[in-house]
Structure formats: structure tokens, C-alpha cells
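# A closer look at the structure
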Amino acid sequence: KGGRHHTLILDEFDAVREMAHAQISLRRLRELLSKPHEYGLSAVLVSRRRIASLERQISDLSTLDGVCPSLLIRPLSHQGICDMVSRGWPLESESTALAEQVLQHTGGHPFLSEALLFELFEGSSVEDAVSQSAGVFRSYFIHLTNILSEDGLLETALRLANDQTVPASEEFAALIEYGVVKRPGMQSSDHELWAPSFKSYLKLLPRNEQPWPTDV
């Protein structure tokens with residue numbers, strides 16, 4: 001009222017799965033968000049999982065998917081990584097070479113790139129920085145693997161990691177949408193996972209291994 005509009009930011013929205021009576025709370029939220037001209041409210045829902053995926057895990061939920069447009073955060077571009085590196089290494093020749101090494105190890109993932117650059121900024125060599133940030137990488141890969149499993153996308157990712165042919169499918173399109181798969185070329189055989197390090201992790205994962213439980 002009075003011409004005011006409020007924006008609500010809900011971080012770690014995945015935690016809604018653990019809420020008592022989550023379906024009731026989200027129905028109320030949907031009602032508020034679906035009529036911004038009446039209630040003057042909008043929201044930013046920050047989640048590791050797609051809204052559609054969360055809704056499949058909450059029974060009797062009036063859908064939020066479609067009410068809230070999804071903006072997926074994908075790996076940074078080559079230029080984005082160069083810009084990130086240049087903040088700590090302003091010499092162009094030094095930052096350009098370092099950006100290439102960061103891209104090779106992180107595939108442009110902003111959080112993993114930041115973790116690697118932190119170790120490098122502390123004076124570590126690239127090899128030592130990769131070793132020292134290995135725990136961060138593995139923790140992220142475990143979470144990502146479980147999210148892909150929940151979405152029914154893990155088997156397709158495993159086939160790619162093991163260099164097997166993957167036909168066009170809804171699951172394959174979802175991996176591209178997520179940024180887990182990139183397309184450096186125009187042929188279907190040119191598809192590959194977003195980072196060599198994630199491919200190596202998946203290649204070591206037994207095909208019949210059950211996903212590890214994750215937090216929100």
C-alpha cells in the first residue's frame with residue numbers, strides 16, 4: 001500500500017524441504033508473489049536446486065515453478081575469469097597465464113576459482129594450490145553429484161565422464177542448462193563436462209554407488 005514495494009530474499013531456499021508444513025507456507029508465499037499489484041511483494045529465492053526439483057520432494061505443494069522465473073548461475077566465461085584474476089595479479093602477462101591455469105582446473109566455476117586463487121594469493125605454486133584446495137573441490141563435487149542424482153541427471157553425467165555416447169534427451173538438455181555440460185563445438189560428440197577435475201571425480205565414482213546424504 002502507499003506505492004511501496006518490498007523484495008524478500010530467501011537464501012538457502014533448499015532448507016524448505018525440512019520445514020514443518022512446508023506446503024502450507026509455500027502456498028501462502030505463492031499467493032503473495034502471484035499478485036504483486038495487490039500485495040507489493042516480490043522475492044528472490046536462492047537455491048542450489050531447481051524449484052521444480054524441490055517441489056517434487058514436497059507433497060501437495062501448489063507450484064512455485066513458473067511463478068518465479070529461474071536464472072541459473074553457470075561457470076564464468078574466459079573473460080570473467082581473466083577479470084577475476086586481474087584483481088590480484090594486475091600485470092596482464094602474469095594474469096593471462098594464470099587465468100588459463102585456473103580455467104583448466106575449475107572450468108570457470110566462481111567459488112572453486114576463488115578457493116584456488118586464495119591459495120595462490122597466499123604464495124602457493126599452482127600445484128600446491130590445487131593440492132591445498134582439493135578438499136574444497138571434493139566437497140563441492142559431492143554436493144553437485146547428489147543434486148544431479150536427485151534430479152535424475154547423474155547417470156547421463158556419468159556416461160559423459162566415461163566418454164560414452166549420450167543421445168539428445170530432456171536430461172541432457174538439463175545438464176546443458178545447468179552449465180554442467182558445455183558445447184565447445186557444433187557436433188554432438190563435442191559435448192563435455194564443464195571441468196576436467198569434475199570429470200575425473202565422476203570417473204572414479206562406481207556406477208552403482210549410492211549418493212552420499214547432503215545438508216541443505
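Residues numbered from 1 in each chain as written. Predicted model: local features only at pLDDT ≥ 70, side-chain atom pairs only at ≥ 80, totals over all residues. Heavy atoms only, no water.

For the rest of this paragraph, the subject is helix α8 (residues 134-150). Across its 17 residues, α8 extends 24 Å between first and last C-alpha, which sits within 8% of the 24 Å expected from 1.5 Å per residue. Among all positions of α8, only F137, F141, I142, L144, T145, N146, I147 and L148 are buried. Contact partners of the buried residues in α8: α5 (92-106), α6 (110-121), α9 (154-161), α10 (170-178) and α11 (196-203). (Helix = DSSP H or I, 4+ residues; strand = E, 2+ residues; numbered from the N terminus. Expected span 1.5 Å × (residues − 1). Buried < 20%, exposed > 50% of the residue type's maximum accessible area, 1.4 Å probe, protein only. Contact = heavy atoms within 4.5 Å.)

With that settled, the discussion passes to the pattern of salt bridges. Counted according to the given criterion, the structure contains 6 salt bridges. Between E150 and R49 there is a salt bridge, with its nearest N and O atoms 2.7 Å apart. On the criterion of sequence distance, the pair formed by E150 in helix α8 and R49 in the loop between β2 (41-45) and α3 (51-56) is long-range, its members being 101 residues apart. E150 gets classed as partly exposed once you look at its relative accessible area, which sits at 32%. Note that E192 is salt-bridged to K182, the shortest N-O span being 3.4 Å. Note that E192 is positioned in strand β4 (residues 192-193) and K182 in strand β3 (residues 181-182), a separation of 10 residues in sequence. Exposure remark for E192: the relative accessible area of 36% places this residue in the partly exposed category. A relative accessible area of 36% means that K182 is categorised as partly exposed. (Salt bridge = Lys/Arg side-chain N within 4 Å of Asp/Glu carboxyl O.)

Summed over all chains, the structure comprises 9 aromatic pairs. Between the aromatic rings of Y140 and W194, the centroid separation amounts to 6.4 Å while the plane-to-plane angle is 85°, which identifies the pairing as edge-to-face. Taken as a pair, Y140 in helix α8 and W194 in the loop between β4 and α11 lie far apart in primary sequence, 54 residues in all. On the basis of relative accessible area, Y140 is assigned to the partly exposed category, the value being 24%. Taking the relative accessible area as the measure of exposure, W194 reaches 4% and is therefore buried. Ring centres of F141 and Y201 lie 5.6 Å apart, and the angle between their planes is 40°; on these two criteria the pair is classed as tilted. One end of the pair, F141, is in helix α8; the other, Y201, is in helix α11, and 60 residues separate them in sequence. Residue F141 is classed as buried on the basis of its relative accessible area of 4%. For Y201, a relative accessible area of 13% puts it in the buried group. Members of the aromatic cluster, each reached through a chain of ring pairs, are F137, Y140, F141, W194, F198 and Y201. (Phe/Tyr/Trp six-rings, centres within 6.5 Å; stacked < 30°, edge-to-face > 60°.)

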